[in-house]
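Geometric and topological summary
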Amino acid sequence: AVGEGQETPSAGAQGEPASDTASEAGTIADFDQLSIVLKQVIEERNLQDSIEITPGDDFTFIAFRDRVFFDGDGPVLRQEGKELLDQFAGVLSRANGTIKEVKVLGHTSQFNPERPNNIRSDRMLSAQRSAELVIYLQSRNAVSPEKLVSMSFGQFRPIAPLDTEDGGERNR
């Protein structure tokens, strides 16, 4: 989730030349504009089936619906995930002045809903996954490092039901 900051937007942000695509335009000086620009990027890249943007009061929640970042049992960031993060990093960097923090929430899924995962490996995997995304965003200078927060939930706060393959994939 991306949270709104208290900083005042820079005065020079207005009047910058517009570009052909939302991901390449000028500074995003208003936090409410961030979700609009993110939605435009998703549409430009035809990613509506993979990414959901939900604006809220002082936050924008971004949910990725498939296993674009990781394979089922590992914390290694996939090339496809890096490419997607590069697109989002460009937008986030333009809104750095209005972002208070970026929380990356790591989840895992259960292979067999009847049998819980090993507690240690489950918690470690979700922590490694969220840390990998934060490290990648930081390496791309997407937002100031102190604004990046890595959180992990393992299988205990699923974002989708675990009783289907689709639900399991959404929790990766």
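Residues numbered from 1 in each chain as written. Predicted model: local features only at pLDDT ≥ 70, side-chain atom pairs only at ≥ 80, totals over all residues. Heavy atoms only, no water.

**Topic: the overall build of the protein**
Rules: Under the scheme used here, helices are H or I runs from DSSP no shorter than 4 residues and strands are E runs no shorter than 2 residues, and both carry numbers assigned from the N terminus. Burial classes: relative accessible area under 20% of the type maximum marks a residue as buried, over 50% as exposed, and values in between as partly exposed (1.4 Å probe, protein chains only). Contacts: residue pairs with any heavy atoms within 4.5 Å of one another. The protein chains shown are the only cover counted for residues, whose accessible areas, like all others here, come from Shrake-Rupley with a 1.4 Å probe.
Across its full length, the protein carries 4 helices and 5 strands. For the protein, the α and β elements follow one another from N to C terminus as β-α-β-β-α-β-α-β-α. By the burial criterion, 39% of the 172 residues in the protein qualify as buried. Sequence-distant contacts in the protein: of pairs separated by 6 or more residues, those separated by 24 or more amount to 65%. Carbon together with sulfur atoms contributes 47% to the accessible area of the protein, which is approximately 9,600 Å² in total.

**Comments concerning the environment of Gly81**
You can see Gly81 is positioned in helix H2 (residues 79-94). Note on Gly81: relative accessible area 0%, which makes it buried. As a C-alpha pair, Gly81 and Phe69 span 12 residues in sequence and 4.3 Å in three-dimensional space. Excluding anything up to four places from it in sequence, Gly81 contacts Val68 and Phe69.

**Remarks on the environment of Thr60**
Summarising the element assignment, Thr60 is placed in strand E3 (residues 59-64). For Thr60, a relative accessible area of 1% puts it in the buried group. In sequence terms Thr60 and Val102 are 42 residues apart; their C-alpha atoms lie 9.5 Å from each other.

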